[in-house]
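Remarks on the overall topology
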Amino acid sequence: MQQHRYAIVGAGPSGLSAARALQKAGIEFDGYEASRGVGGLWDIENPRSTMYESAHLISSRTTTEFAEFPMKTDADYPSHRTLIEYFRDYAEHFRLTEHFTFETKVTALERGVDGLWTLRADGPDGPIEARYDGVILANGTLAEPNVPEFRGEFTGEIMHTSRYKRATQLTGKRVLIIGAGNSGCDIAVDAVHHAASVDMSVRRGYYFVPRYIFGKPSDTLNQGRPLPRPIKQFIDARVLRAFTGDPTRFGFPKPAYKIYESHPIVNTLILNHLGQGDLRIRPDVDRFDGDTVHFRDGTIGQYDLVLLATGYTLDYPFVAREELNWSGWAPKLFLNIFPPPVDGAFNGLFVMGMIEASGIGWQGRYEQAELIAAYLTATPDRRAAFRRRITDAPWPDLTAGYRYLGLERMSYYVNKDAYRRAVREATAELRGDVAGGGRGIRSSSPARRAPEKVTA
């Protein structure tokens with residue numbers, strides 16, 4: 001039988017998940033990583049890393065780690081230094097490192113008429129070209145900065161948080177942080193100890209989640225026993241109010257949405273600093289004028305540095321967008337993994353890690369990889385039935401009924417419980433283990449199946 005081979009682009013948590021799942025399934029693969037080693041953005045020395053010195057996990061260790069490889073630390077929220085060592089240990093323990101070529105940037109992926117993919121890359125010893133039956137894209141979602149445009153011109157420094165590494169970059173400066181995501185709030189807490197002044201410009205309200213509730217990491221409460229959406233929103237909103245108070249008293253707008261309809265801020269230290277007068281909340285920016293920033297409410301402020309905590313945009317620059325079924329801000333993929341079949345066949349691309357969810361962890365990403373491996377090793381009949389399901393049947397609801405905000409960063413957001421359940425069911429179906437959790441593939445009329453190169 002012909003041996004098929006696949007490529008993995010990226011050696012961060014998603015790429016390592018893919019490598020481990022293919023390894024366990026006996027599928028041949030090669031990995032490519034632009035940086036010096038494994039770990040992705042968690043390696044602060046990686047030129048593409050968006051990590052900063054004070055960064056820690058915002059989900060707790062036990063809800064984030066790989067199930068088969070627990071972390072050695074007892075810290076509930078480990079630092080990036082601990083995490084990069086964790087990924088290196090994981091890769092060495094399972095002998096994944098030897099499958100990757102490092103300091104190698106993939107520059108192009110092109111599908112031939114035979115269905116095979118040609119991968120081109122720039123490596124340390126020159127150009128690389130290789131052909132594969134399929135490619136798993138695991139190059140991350142938090143590397144390409146989203147830089148908005150503003151009216152006017154700012155004569156100070158403008159910097160995206162992707163370039164922020166340490167608090168000394170802010171020493172003695174009048175700082176305006178635009179945006180209040182988790183990174184923006186972390187940096188604001190750093191800034192109050194070093195900057196001359198700190199303001200934060202926000203356009204919407206947020207929900208703030210403490211890291212500990214009743215003495216335990218907040219994301220471990222009710223773990224594995226998800227409450228129905230209305231009940232969870234009702235209870236959690238009131239628990240948070242009891243622990244954090246009302247953020248509007250510190251200047252934040254009142255959220256125009258319910259809790260969990262946008263990613264919450266896992267940082268209550270910023271509320272402490274607001275209460276101490278260490279920083280101020282300002283409204284949305286209207287325009288720049290020299291070192292002066294005009295806000296929407298007519299107020300102004302003078303600054304030396306504008307720090308853009310405005311998030312990231314999805315970026316798969318080495319492959320044509322039509323191959324990924326782009327729609328708006330993100331590819332539209334079945335379970336955020338599979339481009340829809342064309343003429344009954346997949347194109348051989350699979351996407352890893354294109355999910356954002358509160359508490360899904362790296363085990364959730366590993367389950368994505370297990371699903372890909374299950375498809376590649378399934379019988380031809382099960383693969384065909386799986387493709388027909390994607391084409392003919394409604395796709396599962398990955399929101400669990402939450403009405404997520406129509407923001408770019410939420411365009412590939414899922415509910416962790418609904419998502420992991422759907423992925424596990426699909427994996428069980430492909431393995432023929434319907435009794436183990438799947439509900440069976442819906443029957444449909446046999447579709448014409450084009451030749452494809454994804455059989456194992």
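The rules we used
Residues numbered from 1 in each chain as written. Predicted model: local features only at pLDDT ≥ 70, side-chain atom pairs only at ≥ 80, totals over all residues. Heavy atoms only, no water. Helix = DSSP H or I, 4+ residues; strand = E, 2+ residues; numbered from the N terminus. Rg over C-alpha atoms; globule rule 2.2 N^0.38 Å. Buried < 20%, exposed > 50% of the residue type's maximum accessible area, 1.4 Å probe, protein only. Contact = heavy atoms within 4.5 Å. Areas by Shrake-Rupley, 256 points an atom, 1.4 Å probe, with all protein chains shown as cover. Lys, Arg positive; Asp, Glu negative; His and termini not counted. Charge placed at Lys NZ, Arg CZ, Asp CG, Glu CD. Core = buried A, V, L, I, M, F, W, Y, C linked by side-chain atoms within 4.5 Å. Pairing = 2+ DSSP bridges. Axes fitted to C-alpha atoms, helices over the stretch in contact; angles between N-to-C directions.

Helix and strand counts for the chain come out as nine helices and 21 strands. The C-alpha radius of gyration computed for the chain amounts to 23 Å, which stays within 12% of the reference 23 Å derived for 456 residues, consistent with globular compactness. Along the first, second and third principal axes, the C-alpha set of the chain runs to 70 × 55 × 45 Å. By residue count, 54% of the 456 residues in the chain fall in the buried class. Contacts spanning at least 24 positions in sequence make up 68% of the contacts within the chain whose residues lie at least 6 apart. Total accessible area on the chain stands at roughly 20,500 Å², and carbon and sulfur atoms take up 48% of it. On the chain, the mean spot of the 56 positive side-chain charges and the mean spot of the 55 negative ones are 6 Å from each other.

Counting residues in each nonpolar core, the largest one holds 91 residues, and the members touching the most others are I270, L335 and F338. Ranked by the residues each element gives to this core, the list is headed by helix α7 (residues 361-377), at nine residues. For I270, the contacting residues outside a window of four places in its chain are C185, A188, V189, M200, F208 and L279. By size, the runner-up hydrophobic cluster in this structure holds 24 residues, among which are Y32, V106, L137 and V319.

Here five strands make up an open sheet; going across it, the order is β3-β2-β1-β7-β21 and the pairing parallel. With one partner strand each, in any of the chains shown, β3 (100-101) and β21 (349-351) form the two edges of the open sheet. Alignment of strand β1 (residues 5-9) against strand β7 (residues 134-137), held across four bridges, turns out to be parallel. Looking across to β7, one finds that I8 is bridged to I136. The strands touched by helix α1 (residues 13-25) within the sheet are β1, β2 (28-32), β3 and β7, with β1 carrying the most contacts at an inclination of about 160°. On the sheet, α7 packs against β1, β7 and β21 and is oriented at approximately 160° with respect to β21.

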